[in-house]
Amino acid sequence: FITYLLLPAGALIIYTQLFTTDAGWRASVLRMVGALVPMVPEGLVLMTSIAFAVGVVRLGRRQCLVQELPAIEGLARVDVVCADKTGTLTENGMRVSDLKALSSDDAAAVLAALAADDSRPNASMAAIGEAYPNSPGWTATATAPFKSATKWSGASYGEHGNWVIGAPDVLLDPDSPVAAQAEEIGARGLRVLLLGCCDCSVDSPDAPGRVTPVALVVLEQRVRPDARDTLEYFASQNVSIKVISGDNAVSVGAVAGSLGLHGETMDARRLPTDLDELADTMDEFTTFGRVRPDQKRAMVHALQSRDHTVAMTGDGVNDVLALKDADIGVAMGAGSPASRAVAQIVLLDNKFATLPYVVGEGRRVIGNIERVSNLFLTKTVYSVLLALLVGLAGLSSKWFGTAPLLYPFQPIHVTIAAWFTIGIPAFILSLAPNNERAHTGFVRRVMTSALPSGVVVGVATFVLYLISYHRRNATNLEQTQASTAALIRLL
């Protein structure tokens, strides 16, 4: 926009100062430069860079690593935060709180063997390994690692059987008594895993096949002590929270409810695939369980389709797709390398409570840049207007034989004006507190302020200068004094 304004005004002032004033090339060039330089808001680029840099430093002090500078702007616009349960609302660590045997099999020995043979244990398997460290020493003939899409892992031990451990509502018929028992336990906010024996090798295409329940492993997670305050902050700022987790929907809903997050809970296996229907579902429900990685990504797209600015938090490989496609991806410092690599922001202290400060800093930076833009663009408007008015007056002098008109300011005048009207105020404004969420329509809002202000400044300055300039002979004024009068009027 500034370029479009600058081109005609710049061409006009260059022509009139060089070819209509008869003031000599030195004076003409000085006046021409004094007209062109203030049209370009070069200080706005500097102040924007300073505001972003200060924001990065302030966030760094809160153990928040900004990996992409534009993320600060995105944070100012966030109106939906999609949060994973594990590692975000709850702490990463788990512990086995109970083992409910469902058959005569030695569940403890099987759990110890599965934990020992898992080369890359997740948080659940690590907790089982701590609770049952004494492996029976069985030799695994086949293994199946945990996958977010299947929700189970397992190992085959030849004559010792084929064993799987995973989500009860996935491995069993939802109507079975054991699944109902697991659902009841999960309603208390606990994570429940089913240990079962299957009738085929775990690496078989048909795995797990028919699963015979052996035990329910009850895992306990501690809710982060600062999670409630964080959710309350977002609620006060009209930022929606969507809890998206791969855990059982009832368990996820119980944890969210204990933190005061009210709303409907949905099992993601019932999510629609159509984008519009999914967007309606995202508006209606707050908590989602049994969510696959591809569904997390689709949820982000659905929210974005309704013009939401989405921040996604996560720490696992299964969050990578959603983190990458979200407007702002926020990873935990203790998360997987893949999640940290694609995220724009990394919370090094793994605290979800840092996020309000991150959002607040983004709002401060962008709000202050908008304030500063009002000043810089006011200067641009009055500079362009002055150039046009002086240029038109110069053309009229050539056409009608009136006295030629020099541009009122030289570069030294521009410097003085910039000190007191732009530079010092802009620097202070760029660091001031500001908590208002950024909205679209930046150019419209800034120009609504800058345009009338610039017009008033430009017209008032030009009128006084024109009067002084054309009355020089009658009042013994010199060009320098006319320019000084215009500078005082401009300030």
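Remember, predicted model here, so these are calculated numbers, not experimental data.

A. Summary view of the overall build of the chain. When you go through the chain residue by residue, the secondary structure sums to 19 helices and 14 strands. Each principal axis of the C-alpha atoms in the chain carries an extent, and together these give about 115 × 40 × 40 Å. Counting across all 491 residues of the chain, residues that qualify as buried make up 49%. Sequence-distant contacts, at least 24 apart, represent 69% of the contacts inside the chain between residues at least 6 apart. Charge separation in the chain, taken as the distance between the mean sites of 40 positive and 46 negative side-chain charges, equals 14 Å.

B. Representation of the nonpolar core within the structure. In terms of nonpolar packing, the biggest core is built from 37 residues, with Val81, Phe234, Ile328, Ile345, Leu347, Leu355 and Val358 touching the most fellow members. Here this core takes six residues from helix α15 (residues 355–400), the largest share from any one element. The contacts of Val358, once residues within four sequence positions are left out, are Leu59, Cys64, Leu75, Ile345 and Leu347. Counting residues in hydrophobic clusters, the runner-up holds 23 residues, among them Ile128, Leu195, Val214 and Leu219.

C. Structural context of the sheet that holds strand β12 (residues 310–314). Read from one edge of the open sheet, eight strands run β1-β14-β13-β12-β2-β9-β11-β10, paired in mixed fashion. Edge positions in the open sheet fall to β1 (64–66) and β10 (264–267), since each of these has one partner strand only. If you compare each strand with its neighbour and ignore which way they point, the axes differ by 20 degrees on average. One ladder, built from three bridges, connects β1 with strand β14 (residues 345–347); its direction is antiparallel. Its bridge partner lying in β14, Leu65 is registered against Val346. Relative to strand β11 (residues 285–289), helix α11 (residues 275–284) is tilted by about 105 degrees, and along the sheet it contacts β9 (240–244), β10 and β11.

D. How the structure looks around the environment of Pro337. Among the structural elements, Pro337 can be located in helix α14 (residues 337–342). Taking the C-alpha atoms as reference, Pro337 lies 53 Å from Ala35; in sequence the two are 302 residues apart.

E. How the structure looks around a nonpolar patch on the surface. A surface patch of nonpolar side chains, about 750 Å² in accessible area, is lined by Trp419, Phe420, Ile424, Phe427, Ile428, Leu431 and Leu491. Note that Ile424 resides in helix α16 (residues 411–429).

F. Region of interest: the packing of helix α17 (residues 442–470) against helix α19 (residues 479–490). At a minimum axis separation of 9 Å, α17 and α19 run at an interaxial angle of 155 degrees. Taken together, the axes of α17 and α19 lie roughly antiparallel to each other. Considering how the two elements wind past one another, α17 and α19 form a crossing that is right-handed. Contacts from Val457, Ala460, Thr461, Leu464, Tyr465, Ser468 and Tyr469 in α17 reach Gln479, Ala482, Ser483, Ala485, Ala486, Arg489 and Leu490 in α19. The residue makeup of the contact of α17 with α19, split by class, is nine nonpolar, four polar and one charged.

G. Representation of the pairing of strand β6 (residues 162–166) within the structure. Among the five residues that make up β6, five are buried, leaving the element largely enclosed by the rest of the structure. Covered by surrounding structure in β6 are Asn162, Val164 and Gly166 together with Trp163 and Ile165, the residues of both alternating faces. Note: strand β5 (residues 152–156) against β6, five bridges, orientation antiparallel. For Gly154, the partnering residue across the bridge sits in β6 and is Val164. Hairpin connection between β5 and β6: a loop of five residues separates the two successive antiparallel strands, and Gly158 in this loop has a positive phi of roughly 60 degrees. In terms of strand pairing, β6 meets strand β7 (residues 191–198) through five bridges, oriented antiparallel.

H. Representation of the confidence of the model for the chain in the model. Residue-level pLDDT values for the chain average 85, and 96% of them are 70 or greater. Helix α18 (residues 472–475) is the least confidently modelled element of the chain, averaging 61 in pLDDT, while helix α12 (residues 293–305) averages 93, the highest of any element.

I. Main features of the pattern of salt bridges. Counted according to the given criterion, the structure contains 14 salt bridges. Residues Arg306 and Asp280 are paired through a salt bridge, measuring 2.8 Å at the closest nitrogen-oxygen approach. Separated by 26 residues along the polypeptide, Arg306 in the loop between α12 and β12 and Asp280 in helix α11 bring together distant segments of the chain. Beyond isolated ion pairs, a larger network of salt bridges with shared partners links Asp169, Asp267, Arg269 and Arg290.

J. Summary view of the packing of aromatic side chains. Throughout the structure, instances matching the rule amount to five aromatic pairs. Residues Trp138 and Tyr157 carry aromatic rings whose centres are separated by 5.4 Å and whose planes lie at 65 degrees to one another, so their mutual orientation is edge-to-face. One end of the pair, Trp138, is in the loop between α6 (123–131) and β4 (142–144); the other, Tyr157, is in the loop between β5 and β6, and 19 residues separate them in sequence. Exposure remark for Tyr157: the relative accessible area of 2% places this residue in the buried category. Ring centres 6.4 Å apart and planes at 45 degrees place the aromatic pair Phe234 and Phe352 in the tilted group. Taken together, the positions of Phe234 in helix α9 (residues 227–236) and Phe352 in the loop between β14 and α15 put the pair 118 residues apart, joining distant regions of the chain. Judged by its relative accessible area of 0%, Phe352 falls in the buried class. Put simply, the rings of Tyr233, Phe234 and Phe352 pair up and form one aromatic cluster. A cation sits over an aromatic face here: Arg62 above Tyr357, 3.6 Å from the ring centre.

The rules behind each value
For every chain, the first residue of its written sequence is number 1, and the numbers climb from 1 along that sequence. Two thresholds apply to this predicted model, a pLDDT of at least 70 for residue-level local features and 80 or more for giving and counting side-chain atom pairs, whereas whole-chain, interface and lining totals are computed over all residues. Calculation of side-chain values draws on the structure's entire complement of heavy atoms; hydrogens and water are dropped beforehand. Here a helix means four or more residues in a row that DSSP labels H or I, a strand means two or more in a row labelled E, and each is numbered from the N terminus. Relative accessibility decides the category of a residue: with a 1.4 Å probe and only protein chains considered, values under 20% of the type maximum give buried, values over 50% give exposed, and everything between is partly exposed. The contact criterion used is simple: two residues touch if any of their non-hydrogen atoms lie within 4.5 Å. When charges are counted, Lys and Arg are positive and Asp and Glu negative, with His and the chain ends excluded. Taken as the charge centre is NZ of Lys, CZ of Arg, CG of Asp or CD of Glu, depending on the residue. Only buried Ala, Val, Leu, Ile, Met, Phe, Trp, Tyr and Cys residues count toward a nonpolar core, and they belong to the same one when joined by side-chain atoms within 4.5 Å. Note: two strands are recorded as paired if DSSP finds a minimum of 2 bridges between them. Geometry is summarised by axes, namely lines fitted to C-alpha atoms with helices restricted to the contacting stretch, and by angles between N-to-C directions that run from 0 to 180 degrees. Each patch is assembled from residues with relative accessible area greater than 30% and no salt bridge, linking like charges that lie within 9 Å and nonpolar side chains (Val, Leu, Ile, Met, Phe, Trp, Tyr) that lie within 5 Å. For the area figures, the Shrake-Rupley method with a 1.4 Å probe applies, and any residue is considered shielded solely by the protein chains shown. Only one rule defines a salt bridge in this text: a Lys or Arg side-chain nitrogen within 4 Å of an Asp or Glu carboxyl oxygen. Any angle between 65 and 115 degrees counts as roughly perpendicular, while under 35 counts as roughly parallel, over 145 as roughly antiparallel, and the rest as oblique. Two helices crossing with the near one rotated counterclockwise from the far one by less than a right angle form a left-handed crossing, whereas a clockwise rotation gives a right-handed crossing. Note that Gly is not counted as nonpolar here; it falls among the polar residues with everything else outside the nonpolar set of Ala, Val, Leu, Ile, Met, Phe, Trp, Tyr, Cys and Pro and the charged set of Asp, Glu, Lys and Arg. The pLDDT score gives, residue by residue, the confidence of the prediction method on a 0 to 100 scale. For Phe, Tyr and Trp, where Trp contributes only its six-membered ring, two rings pair if their centres lie within 6.5 Å, and the inter-plane angle classes them as stacked under 30 degrees, edge-to-face over 60, or tilted in between. Counting as a charge over the ring demands two things of the Lys NZ or Arg CZ atom: a distance within 6 Å of the ring centre and an angle within 35 degrees of the ring normal.

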